[in-house]
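Structural features, examined
Each chain is listed here by its residues.
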Amino acid sequence: MLKLPGLIDVHVHMREPGAAHKEDWDTGTQAALAGGATTVLAMPNTNPPVTDKAGLKLAQTAASEKARCDWGLYLGAGADNAGSTVDLAKEVVGLKMYLNQTYGPLRLDDMRHWMTHFETWPADLPIVAHAEGHTVAAMVLLAELFNRPVHIAHLAKADELAIIRKAKERGIPVTCEVAPHHLFLNTDFLEKLGPGPGEVRPRLASPADNAFLWENLEFIDCFATDHAPHTVAEKRGENPPPGFPGLETALPLLLTAVREEKLTVDDISLRYHTNPEKLFNLPSQPETWIEVDENAEWTIRGAEQFTKAQWTPFEGWRVTGKVERVVLRGETVFREGKILAAPGSGVPVKSGESALR
Ligand code: NCD
Ligand code: ZN
Ligand code: ZN
């Protein structure tokens, strides 16, 4: 049995408020525990979005009542909320800026809005950007201009990582995360996935992009799922929304890659626990670990997941490595396929929960 620290997923979508038919804080955190994550940081592109006190309170209330693992929330950067973000900063893990096409209402095109947020957001708290292609380079420039850390979400392409690598070599404070689907899937898989299910932002990249990411793993700071659940009907219907569920498949895929000698278990711990904890300045979880059967071989089945998204782009994949047990603050919260944590037992990672009072 392999013992790992509780995984910290810095990029998930829990869909509450506003789209609980896709996921809610109960099912989403069950999926987290089943995948070995004991902390999730949730994105603000909900309905309403988490861009003000009212939106934040709705998300905090849902998470407090339902979460079965520890949790944090991002505040969304909007065109007109830069004046009020600082008041909410203590209650969130970071500011999220959307610079490219995505799911949900949050997108900033005017570069003056980017700069206003860089000026007003507290210097000691992270800024995370959904940036793709040229906007990755733009964020590197802003990190340099404002001399403050920027974290690039779900990086997918070789040229994006090449820019990050150059920036890191120059000492510019930029970090990045990669989602498993951008390591294990590429455009060759689109035909089999089908046009709707294959939709994700950033789009699946080329096999050469996959290869470059693997070769430059040392410049990738975090693994994060970008768990973006949508229902099977939505993915197969008209206007399919982009996004893949990922919480229950990430670790088995990575452990299978360990078998194939593409990385080590330490590479996983560093990027899926240690670096996330450090980058987001999270409290450490005492007496918390996961136990994995490294030799258990199994087949990924969307319909067997805890997430409401009863599908996965990895349907039918044979993987080696299964989460057997999760211990959170001394309590066994997952064992042999069963969730044992109660709804609401998860603890917020930020204690400034004044909006709840
Ligand atoms: C995400 C979602 O569905 O919320 N979709 C996606 O394709 N990644 C949005 C996002 O992460 O940009
Ligand atoms: Zn995104
Ligand atoms: Zn996302």
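Everything in this summary refers to the structure shown in the same document. (Residues numbered from 1 in each chain as written. Chains lettered and ligands numbered in written order. Predicted model: local features only at pLDDT ≥ 70, side-chain atom pairs only at ≥ 80, totals over all residues. Heavy atoms only, no water.)

**Considering the pattern of salt bridges**
The following threshold applies: Every case where a carboxyl oxygen of Asp or Glu lies within 4 Å of a side-chain nitrogen of Lys or Arg is listed as a salt bridge. Numbering of helices and strands starts at the N terminus; helices are DSSP runs of H or I of at least 4 residues and strands are runs of E of at least 2. Buried, partly exposed and exposed residues are distinguished by accessible area as a fraction of the type maximum, computed with a 1.4 Å probe on protein chains only: under 20%, between the cut-offs, and over 50%, respectively.
Enumeration over the complete set of coordinates arrives at 14 salt bridges. In this structure, arginine 329 and aspartate 70 form a salt bridge, with 2.6 Å as the shortest nitrogen-oxygen distance. Placement of the pair is arginine 329 in the loop between strand E11 (318–328) and strand E12 (331–335) and aspartate 70 in strand E4 (residues 70–76), with a sequence separation of 259 residues. For aspartate 70, a relative accessible area of 3% puts it in the buried group. Put simply, arginine 112 and aspartate 110 hold a salt bridge, and the shortest N to O gap is 2.7 Å.

**Let's talk about empty space enclosed by the protein**
One water molecule sets the probe size; rolling that probe over the atoms shows where empty space is left. Under the convention used in this document: Cavities and pockets were defined on a 1 Å grid built from protein atoms only: a cavity is a group of points that admits a 1.4 Å probe but offers it no way out, a pocket is an open group of points flanked by protein on both sides within 12 Å along at least five of seven lines, and a lining residue is one with an atom within 4 Å of any such point. Grid points are joined across faces, edges and corners, and a volume is the space filled by probe spheres set on the points. Any residue that is not Ala, Val, Leu, Ile, Met, Phe, Trp, Tyr, Cys, Pro, Asp, Glu, Lys or Arg is counted as polar, Gly included; the first ten are nonpolar and the last four charged.
In total, this model carries 4 cavities of 30 Å³ or more according to the counting rule given. Each pocket or cavity is described by its volume, and for the largest cavity that value is around 140 Å³. Per-class residue counts for the lining of the largest cavity are 5 nonpolar, 8 polar and 4 charged.

**Re the site of ligand 1**
What counts, and what does not: A single heavy atom is enough: if one lies within 4 Å of a molecule or strand, its residue is considered near that molecule or strand. Nitrogen and oxygen atoms within 3.5 Å of one another constitute a polar contact, given that in protein one can donate a hydrogen and the other can accept it, and given that sequence-neighbouring residues count only through two side-chain atoms. Accessible areas in this description were obtained via Shrake-Rupley with a 1.4 Å probe; residue shielding takes into account the shown protein chains only. A molecule is counted as occupying a cavity or pocket when more than half of its atoms fall within 2 Å of that pocket's grid points.
The full set close to ligand 1 counts 16 residues, and Arg15, Asn45, Thr102, Arg201 and Asp226 are the nearest of them. A distance of 3.0 Å is found between an oxygen atom of ligand 1 and a side-chain nitrogen or oxygen belonging to histidine 230. Within the complex, the protein chains bury 100% of what would otherwise be the 320 Å² of accessible surface of ligand 1. Of all the cavities here, the one that holds ligand 1 is the largest cavity.

**Let's talk about the coordination of the zinc ion (ligand 3)**
Around a metal, the ideal angle is 109.5 degrees if four donors adopt a tetrahedral arrangement and 90 or 180 degrees if six donors adopt an octahedral arrangement. Selection criterion: Only N, O and S atoms count as donors, using a 2.8 Å limit from the metal and a wider 3.2 Å limit for Na, K and Ca, and since water is excluded some coordination spheres may look unfilled. Note on geometry labels: four donors, all angles 85 to 135 degrees, give tetrahedral; four donors become square planar and six octahedral when opposite donors are over 155 degrees apart and every other angle is between 65 and 115; remaining cases are irregular.
Distances from the zinc ion (ligand 3) to its protein donors, His11 (NE2), His13 (NE2) and Asp226 (OD), fall within 2.0 to 2.1 Å. Seen from the zinc ion (ligand 3), its 4 donor atoms lie at angles of 89 to 136°, and the figure they make is irregular. Summarised as a motif, the one-chain spacing of the donors to the zinc ion (ligand 3) is H-x1-H-x212-D. Distance-wise, the zinc ion (ligand 2) is placed 3.8 Å from the zinc ion (ligand 3). Placement of histidine 11 in strand E2 (residues 7–12) and of aspartate 226 in the loop between strand E9 (222–223) and helix H10 (232–236) is noted, with a sequence separation of 215 residues between them.

**A few points about the layout of surface pockets**
If you add up the space inside the largest pocket, you get close to 330 Å³. Lining the largest pocket we find 18 residues, and of these Ala34, Glu248, Trp298, Glu304 and Lys322 sit closest to its centre. A total of 4 residues in the lining of the largest pocket trace back to one element, the largest contributor, which is E11. Of the voids in this model, the second largest pocket is the one considered here, and its volume is about 270 Å³. Lining the second largest pocket we find 13 residues, and of these Lys192, Leu193, Thr312, Pro313 and Glu315 sit closest to its centre. Those elements that provide at least two residues to the lining of the second largest pocket are helix H8 (190–193) and H10.

**Here's the deal with the pairing of strand E6 (residues 127–130)**
Filter applied, for reference: Strand pairing requires that DSSP identify at least two bridges connecting the strands.
Of the two faces of E6, the one lined by Ile127 and Ala129 and the one lined by Val128 and His130 are each fully buried. Pairing of strand E5 (residues 94–98) with E6, which is carried by 4 bridges, proceeds in the parallel orientation. Counterpart to lysine 96 in the pairing with E6 is valine 128. Here E6 pairs with strand E7 (residues 150–152) via 3 bridges, running parallel.

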